[in-house]
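Architecture and fold: a report
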Amino acid sequence: MLSPSFSISPKDLWNAIATRDAPQILDVRRRDAYEQSSHLLPGAVWRDATGIGQWIADLDATRPVAVACKAGHEMSQTTVAQLRADDVDARVLEGGYEGWSKAGLPFVKKAELERIVPRWPSIWVTRRRPKIDRVACPWLIRRFLDPQARILFVDPDEVVNVARESAGMPFNIKDVELSHVGERCSFDTMLRLFGLEAEPSLARLALIVRGADTARPDIAAEAAGLHAVSIGLSALAGDDDHGLLWLVFIVYDALFAWLRFASEERHNWPAKAA
């Protein structure tokens, strides 16, 4: 059944990202506007609004769709109307890209993303048996850069070779662009590169990841817990790296939700020790 809402506000769309109800985000700006733009909505995929018949079958029928154009006018309105006529739960992003900007919400640096991953769906390659940083980075990729990204896990000494053969981007190994820099993790590097490091909840999450991944629980109270859960789930998953991603993504979704919506909530029962 279609949602009764024809539109979604920028704040509501941002709050839905990385949650169970996260919509697919379609960028339907005119091609020239898209190509001239320096930024993207997090997780947005560009589609030619005039060729809807060519890509509608690629949509996930189980998830709603949010459609954004420059200002929320004819491009997104037409696309949403056509999608809803085909029984797709689609909504216009109110104000489009302009509304998102006015709300002060984060963008992804389009030029950097296109430089790093020139093909879509994007391919990313790293060492197998991930635990913390090598799970945090795929979570960031799938939630904010490319929801359809393929993550390849291989032996450490084959990461660069496999990346070259698959036209993928290597990460979290020595001597590549997307890796540790000083005391900061690959997750930090990605946030900075793609322009997301100033978003408060992602910045706090980066601190937790850094503390857990570099044995510095002193820098974030939650780091020790993330470390324990990550190592435990890795032990349970064994060599099933993609199964591990499915499990630990829920942990990162929960941490991100806590940072955005519930970090001030306290539980203190019993109120006083006996």
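Refer to the structure printed above.
Here we summarise the structure given alongside this text. Since the model is a prediction, treat every value here as computed from it, not as a measurement.

1. Notes on the sheet that holds strand E9 (residues 150-154)
Spatial ordering of the open sheet is given by E9-E8-E10, a layout of three strands whose pairing is parallel. Here the strands that pair on one side only, and so sit at the sheet edges, are E9 and strand E10 (169-170). In this structure, strand E8 (residues 123-127) lies alongside E10, joined through two bridges in parallel fashion. Directly across from valine 125, in E10, lies its bridge partner proline 170.

2. Section: a nonpolar patch on the surface
Judged by side-chain polarity, Trp246, Leu247 and Ile250 come together as a nonpolar surface patch covering roughly 330 Å² of accessible area. Here isoleucine 250 shows up in helix H12 (residues 241-262).

3. Some words on the pairing of E8
With four of five residues buried, E8 is to be regarded as a mostly interior element. Pairing of E8 with E9 involves five bridges; the strand directions are parallel. Its bridge partner being in E9, tryptophan 124 is matched across the sheet by isoleucine 151. The handedness of the E8 to E9 crossover, carried by helix H7 (residues 133-145), is right-handed.

4. Things to note about unusual backbone geometry
Here the bond from tryptophan 120 into proline 121 is cis, since omega is -5°, no more than 30 degrees from zero. Checked against the element boundaries, proline 121 lands in the loop between helix H6 (110-116) and E8. Positive phi is not limited to glycine here, since alanine 167 has a value of about 55°. Tracing the backbone through its elements, the reader meets alanine 167 in the loop between helix H8 (159-166) and E10. A residue is classified by how much of its surface remains accessible, and alanine 167, at 42% relative accessible area, is partly exposed.

5. Section: the pattern of salt bridges
Following the criterion strictly, the structure yields 16 salt bridges and no others. The residue lysine 110 makes a salt bridge to glutamate 114 at a minimum N-O spacing of 3.5 Å. Of this pair, lysine 110 and glutamate 114 both sit in helix H6, four residues apart, which is roughly one turn of that helix. We classify glutamate 114 as partly exposed; its relative accessible area is 31%. Among the salt bridges present, the one from glutamate 183 reaches arginine 216, with a minimum N-O distance of 3.1 Å. With glutamate 183 in the loop between E10 and helix H9 (186-193) and arginine 216 in the loop between helix H10 (200-213) and helix H11 (223-237), this residue pair connects regions lying 33 residues apart in the sequence. A network of salt bridges, in which partner residues are shared, links Arg128, Arg129, Asp155 and Asp239.

6. Examining the environment of glycine 53
Mapping glycine 53 onto the fold places it in helix H3 (residues 52-55). Note on glycine 53: relative accessible area 66%, which makes it exposed. Sequence-wise, glycine 53 and arginine 142 are 89 residues apart; in three dimensions their C-alpha atoms are separated by 25 Å.

7. Things to note about the sheet that holds strand E4 (residues 45-46)
Ordered in space as E1-E6-E5-E2-E4, the five strands form an open sheet in which the pairing is parallel. Lying at the two open borders of the sheet, with one neighbouring strand each, are strand E1 (7-8) and E4. Looking at chain direction, strand E2 (residues 24-27) and E4 are connected through two bridges and run parallel. What sits directly across from aspartate 27, in E4, is tryptophan 46. Most of the contacts of helix H4 (residues 74-85) go to strand E6 (residues 90-93), to which it runs at about 170°, and overall it touches E2, strand E5 (65-68) and E6.

8. Concerning the packing of aromatic side chains
One pass over the structure, following the stated rule, counts nine aromatic pairs. Centre to centre, the rings of tryptophan 14 and tryptophan 100 are 6.4 Å apart; their planes meet at 75°, and the pair counts as edge-to-face. In this pair, tryptophan 14 is assigned in helix H1 (residues 10-16) and tryptophan 100 in helix H5 (residues 96-102), connecting sequence segments 86 residues apart. When sorted by exposure, tryptophan 14 lands in the same class as tryptophan 100, which is buried. On the numbers, 5.7 Å between centres and 85° between planes, the contact of phenylalanine 144 with phenylalanine 256 is edge-to-face. With a gap of 112 residues between them, phenylalanine 144 in helix H7 and phenylalanine 256 in helix H12 connect regions that are remote in the sequence. The exposure class of phenylalanine 144 is buried, given its relative accessible area of 1%. With relative accessibility at 0%, the residue phenylalanine 256 sits in the buried group. Grouped by ring-pair contacts, the aromatic residues Trp14, Trp100, Trp139, Phe144, Tyr252 and Phe256 constitute a single cluster. A cation sits over an aromatic face here: arginine 29 above tyrosine 97, 3.6 Å from the ring centre.

Thresholds applied
- Counting restarts for each chain: residues are numbered from 1 in the order of the written sequence.
- With the structure being a predicted model, the display of local features is reserved for residues of pLDDT at least 70 and the display and counting of side-chain atom pairs for 80 or more, all residues being used for whole-chain, interface and lining totals.
- The basis for every side-chain value is the complete set of non-hydrogen atoms in the structure, without hydrogens or water.
- A pair of strands is treated as paired once DSSP finds two or more bridges between them.
- Only DSSP runs of H or I with at least four residues qualify as helices, and only runs of E with at least two residues qualify as strands; both kinds are numbered from the N terminus onward.
- A residue counts toward a patch only above 30% relative accessible area and without a salt bridge, and it is joined to like-charged neighbours within 9 Å or, for Val, Leu, Ile, Met, Phe, Trp and Tyr, to nonpolar neighbours within 5 Å.
- Each accessible area is a Shrake-Rupley estimate made with a 1.4 Å probe; only the visible protein chains count as cover when residues are assessed.
- Any Lys or Arg side-chain nitrogen located within 4 Å of an Asp or Glu carboxyl oxygen qualifies as a salt bridge.
- Classification of residues uses two cut-offs on accessible area relative to the type maximum, computed with a 1.4 Å probe and protein chains only: under 20% is buried, over 50% is exposed, and between them is partly exposed.
- For crossovers, right-handed means that the path from the first strand over the helix to the second runs clockwise, given strands pointing away from the viewer.
- Every residue pair with non-hydrogen atoms within 4.5 Å of one another is taken to be in contact.
- Lines fitted to the C-alpha atoms define the axes, with helices restricted to the stretch that makes contact. Angles between their N-to-C directions range from 0 to 180 degrees.
- We call Phe, Tyr and Trp rings a pair once their centres come within 6.5 Å, taking the six-membered ring for Trp, and we label the pair stacked below 30 degrees between planes, edge-to-face above 60, and tilted otherwise.
- Charge-over-ring contacts are defined here by two conditions on Lys NZ or Arg CZ: a distance within 6 Å of the ring centre and an angle within 35 degrees of the ring normal.

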